[in-house]
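Here's the letter readout for the chains.
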Amino acid sequence: MLAPPATSLPRLSVALASATALAYEILLVRLFSISQWHHYAYMIISLALLGYGVSGAFLSLFQDRLLKHFHAAYITNLVMFGLAMLVSYVLAGHTAFNPEEILWDRTQWAKLAAVYIYLSLPFFFIANAIGLALMYYRFEAPRIYGADLLGAGIGSLGIVAVLFLVFPDFTLRLLSALGICAAWLGTVELKLQRKTLSWSVLALCALPFLLPGAWLQATHSPYKGLSQTLQISGTRVIEQLSGPLGLISVVESAQIPLRHAPGLSLKAESGPPEQLAVFIDGDGPTVITRFEGDRDALAYLDQLTWALPYHLSKPRRVLVLGAGGGSEVLQARYFETEQIDAVELNPQLITLVRDTHREFAGDLFSTENVNEYAAEARGFTATSPHHYDLIQVALVDSFSASAAGLYALSESYLYSVEAIETYVDKLSTDGYLAISRWIKLPPRDTLKLFATAVSALENQGVQEPGKHLALIRSWQTSTLLVKKSPLTVDEIEALRRFCAQRAFDVSYYPGITETEANRFNVMVEPQLYRAAQALLGPERERFIADYKFNLQPATDDRPYFFHFFTWRALPEIVKLFGQGGAPLLDTGYLILIATLVQSVIASLVLIILPLWFYRKHSASAASASQRWRVLIYFAALGLAFLFLEIAFIQKFILFLHHPLYAVAVVLTAFLLFAGAGSLFAQRLADAGRTVTLPVIGIAVTSIVYLFTLDTLFAPFASLPDAIRIGIAILMIAPVAFCMGIPFPLAMNRLNRSTPHLVPWAWGINGCASVISAVLATLMAMHFGFSTVVLSAVALYGVAAASLPRARDEG
């Protein structure tokens, strides 16, 4: 069947639908981060995208019938896409799936399967619509695919802006309406003469705004801090703010005043004043403390482990990273620090303390000696013109999520070897870095942090890192002290006195003996002390290799500080199945493995089904050689494209100084320039060119960037955000442009030789993309993002070698 003239291409409706689909995917991550934790969101999204694979099988089996009624099928799928965004989320929300119970409640697996099915529906319909357009306009595939990528790029940037303005539930309504609007736009572009149809589709755009609000509100997991706090009599949410970085909930208690002072000394004579609890996505809390000018009311801040550096010297300039509700800023003011720089990633949290609750917080951020900055911690520290007497990083993640291993899959550039080096570089000659963590048993992240600090000091040429370190703990928290110069005898004596007066345990200082450790908050044995000695000794690598948890220091190339799982611990986890204790052993990694296995199995089924069908097909079916070429080529492209995209997002986080900027800018730049490359691919297709030159371009730019990006970033690191964003886009443009060419070029070949394989290729690419997101994370955790980039280059090489023939020779 010949395609209609190019003037009737539904490029605008494809672009709008694709923009909506990408925005919906990001929104689902936000919604499930609110109701669960963010790494479960990625798992669910990954498998929901199997809708693309199902679409490939569906189109393969029914393509002839659908193409005969292309206009009706195209519009119907777009309408269903818009409606399914709402329906699937409502159904998934009412499934009562609780991932924290999945290891001991077998019914959760059935609920999880139901969630997968529900969330795959919108992606199934949008994949049907775009896949049909690629098949129907067979000789214009590059232009259709280009519209798809360009729309996705706009959607990835637009959703970030929208989330700053409206709450996620309203955003869901808006996206549903836009999906239906894409169908209406399709009726216009396809010049359908039935005005009743066009107006009916347009009228459906109002439907999402008529649903009851309660249907679309995300319900927090009962295991989150907000859910548990609201069970206390008299507590209530008094304010909520929404943004791309999280849903902020402010809680007060009218009956029982909230008191939050983690690890407070058991000898403390007073607790904190009245506080407001602040939760982000239901997790936390951080607190805003009432301060009315009475310094004595803040005496409790001297009874926390991270008050230690104030007793070793009198710091004049302090940097607080992760200021949150301002507790560490209050502490610095309590110790009469001359200058305080407070850095917080979420600007809405700063607004809460500085403006909304200004009187309650005692003008905390409005005094002359306090400067607040909305910035990412590493980026701010690296570009700050100042050196600090103290850099304070205290409990920037919640205990509940951290204790359950729920951060295992999240990247963190706050605790890498390079991060510690950056902090130490910004210390004054005798300055301190104080990092406080939650105490978890058996010990893991406290020890990993200690090992990371040792590696960082050694990288800076320190011959005896043990002379620069001290580690103390309370019953709930630990504080690691890193000093730029060696600790003195007077400082060690002050440390011992500080701990003895507060019943804190000393786990390490230069010259400590085992009898001094484990005195007050007694463990079965002095594990932290012995581990610290081992990590400073010649048997460090053997100790790390034999330990129950993964203690290998995180690096910028492998920024998974919270990845503690080792296969040695698996037998113990298995024993705990059904007893509710397995999550305490960092099972987030196992969930990632399970996700990968499920993705691979489902994807293979969705690929093999059409392959089996084609073997039974008529004589017009493709040859076995061509089918294998299609399978290898489009699977390699699906894996490689996301490998590079994910790796470059991580690489640009440190340059753009903000994870949100990195995701939005890199994703948008990749999709927009890949879309431009796809449009250019039409010329290459008309000229009969292959993918050799684009693949060489991808390989050369990727490898050059892999080894030179840090050097290229250095001269521009301190420039304003807008300029750095522009530089990032220019850097991404060449590789992204080349990446947009291989897919449409091969599609054009298939459309000319074996058009029946087009939907199968579409499904293969979608399934491979699903696997790619999970596989890239696993590879980065074990081998680093550099390996992910090199693997992507190799996959593009495999694709170039297996490019489907221009004419099937079967």
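Structure's up top.
Procedures and definitions
- Residues numbered from 1 in each chain as written.
- Predicted model: local features only at pLDDT ≥ 70, side-chain atom pairs only at ≥ 80, totals over all residues.
- Heavy atoms only, no water.
- Helix = DSSP H or I, 4+ residues; strand = E, 2+ residues; numbered from the N terminus.
- Contact = heavy atoms within 4.5 Å.
- Areas by Shrake-Rupley, 256 points an atom, 1.4 Å probe, with all protein chains shown as cover.
- Salt bridge = Lys/Arg side-chain N within 4 Å of Asp/Glu carboxyl O.
- Buried < 20%, exposed > 50% of the residue type's maximum accessible area, 1.4 Å probe, protein only.
- Pairing = 2+ DSSP bridges.
- Axes fitted to C-alpha atoms, helices over the stretch in contact; angles between N-to-C directions.
- Right-handed = clockwise from strand over helix to strand, strands pointing away.
- Phe/Tyr/Trp six-rings, centres within 6.5 Å; stacked < 30°, edge-to-face > 60°.
- Lys NZ or Arg CZ within 6 Å of the ring centre and 35° of its normal.
- Parallel < 35°, antiparallel > 145°, perpendicular 65-115°, else oblique.
- Left-handed = near helix turned anticlockwise from the far one by under 90°.
- Nonpolar A, V, L, I, M, F, W, Y, C, P; charged D, E, K, R; others polar.
- Expected span 1.5 Å × (residues − 1).
- Disulfide = S-S within 2.5 Å.

Caption draft 1: Quick look at the overall build of the protein. Tallying secondary structure elements over the protein gives 29 helices and twelve strands in all. Nonlocal contacts in the protein, meaning residues at least 24 apart in sequence, comprise 77% of its contacts between residues at least 6 apart. Put simply, the protein shows about 30700 Å² of open surface, and 61% of that area lies on carbon and sulfur atoms.

Caption draft 2: Local environment of the pattern of salt bridges. Applying the stated criterion across every chain yields a total of 24 salt bridges. The partner of Lys 483 in a salt bridge is Asp 430, with the nearest N and O atoms 4.0 Å apart. Of this pair, Lys 483 sits in strand S11 (residues 477-483) while Asp 430 sits in strand S9 (residues 427-438); the two residues are 53 residues apart in sequence, bridging distant segments of the chain. Residue class for Asp 430 comes out partly exposed when judged on its relative accessible area of 46%. Of the charged contacts, one joins Glu 525 and Arg 530 as a salt bridge, the two residues approaching to 3.6 Å between their closest N and O atoms.

Caption draft 3: A look at the sheet that holds S11. With mixed pairing, eight strands are arranged side by side in an open sheet as S7-S6-S5-S8-S9-S11-S10-S12. At either margin of the open sheet sits one strand with a lone partner, and together these are strand S7 (370-374) and strand S12 (505-508). If you compare each strand with its neighbour and ignore which way they point, the axes differ by 20° on average. Here strand S6 (residues 339-344) pairs with S7 via five bridges, running parallel. Counted as the bridge partner of Val 343 is Tyr 373 from S7.

Caption draft 4: How the structure looks around the pairing of S6. A large share of S6 lies buried, amounting to six of its six residues. Every second residue of S6 is oriented toward a common face, with Gln 339, Asp 341 and Val 343 on one face and Ile 340, Ala 342 and Glu 344 on the other, all of them buried. Pairing geometry for strand S5 (residues 317-321) and S6, over five bridges, is parallel. The residue bridging Val 320 from the neighbouring strand is Ala 342, located in S6. Each parallel crossover has a hand, and the one from S5 via helix H12 (residues 327-334) to S6 is right-handed. After leaving S6, the chain enters helix H13 (residues 347-356) and then returns to the sheet as S7, a path that is right-handed.

Caption draft 5: Local environment of the packing of aromatic side chains. Counted by the stated rule, this structure contains 34 aromatic pairs. Among the aromatic residues, those joined into a cluster by ring pairs are Tyr 24, Tyr 52, Phe 123, Tyr 145, Tyr 633, Phe 634, Phe 743 and Trp 762. Lying over the aromatic face of Tyr 334, Arg 295 brings its terminal NZ or CZ to 4.1 Å of the ring centre. Lying across the ring of Phe 561, Lys 448 places its NZ or CZ 5.8 Å from the centre.

Caption draft 6: Representation of the sheet that holds strand S2 (residues 246-253) within the structure. Taken in spatial order, the four strands of this open sheet run S1-S2-S3-S4, and their pairing is antiparallel. Bordering the open sheet on either side are strand S1 (235-243) and strand S4 (283-289), each of which pairs with just one other strand. Across the sheet, the mean angle separating the axes of adjacent strands is 25° when strand polarity is ignored. With eight bridges connecting them, S1 and S2 associate as antiparallel partners. Residue pairing for S2: Arg 236 is matched across the bridge by Glu 252. Each of S1, S2, strand S3 (275-280) and S4 touches H13; the most contacted strand, S1, lies at about 125° to it.

Caption draft 7: Broad picture of the packing of helix H16 (residues 417-425) against helix H17 (residues 445-459). Contact geometry of H16 with H17 gives a least axis separation of 8 Å together with a crossing angle of 60°. Judged on the interaxial angle alone, H17 and H16 are oblique. In the packing of H16 onto H17, the handedness of the crossing is right-handed. Facing H16, whose interface residues are Val 417, Ile 420 and Glu 421, H17 presents Thr 452, Ala 453, Ser 455, Ala 456 and Asn 459. Looking at the contact of H16 with H17 residue by residue, the classes come out as four nonpolar, three polar and one charged.

Caption draft 8: Expanded view of helix H27 (residues 742-753). With twelve residues, H27 should reach 16 Å at 1.5 Å per residue; the first-to-last C-alpha distance of 17 Å fits that figure. Counting buried positions along H27 gives eleven out of twelve residues, so the element sits mostly inside the fold. Every buried residue of H27 is accounted for by Pro 742, Phe 743, Pro 744, Leu 745, Ala 746, Met 747, Asn 748, Arg 749, Leu 750, Asn 751 and Ser 753.

Caption draft 9: Seen up close, the state of the cysteines. Going through the model one piece at a time under the given rule, you end up with zero disulfides. Here Cys 205 stays free of any disulfide, with the sulfur of Cys 181 as its closest cysteine sulfur at 4.9 Å.

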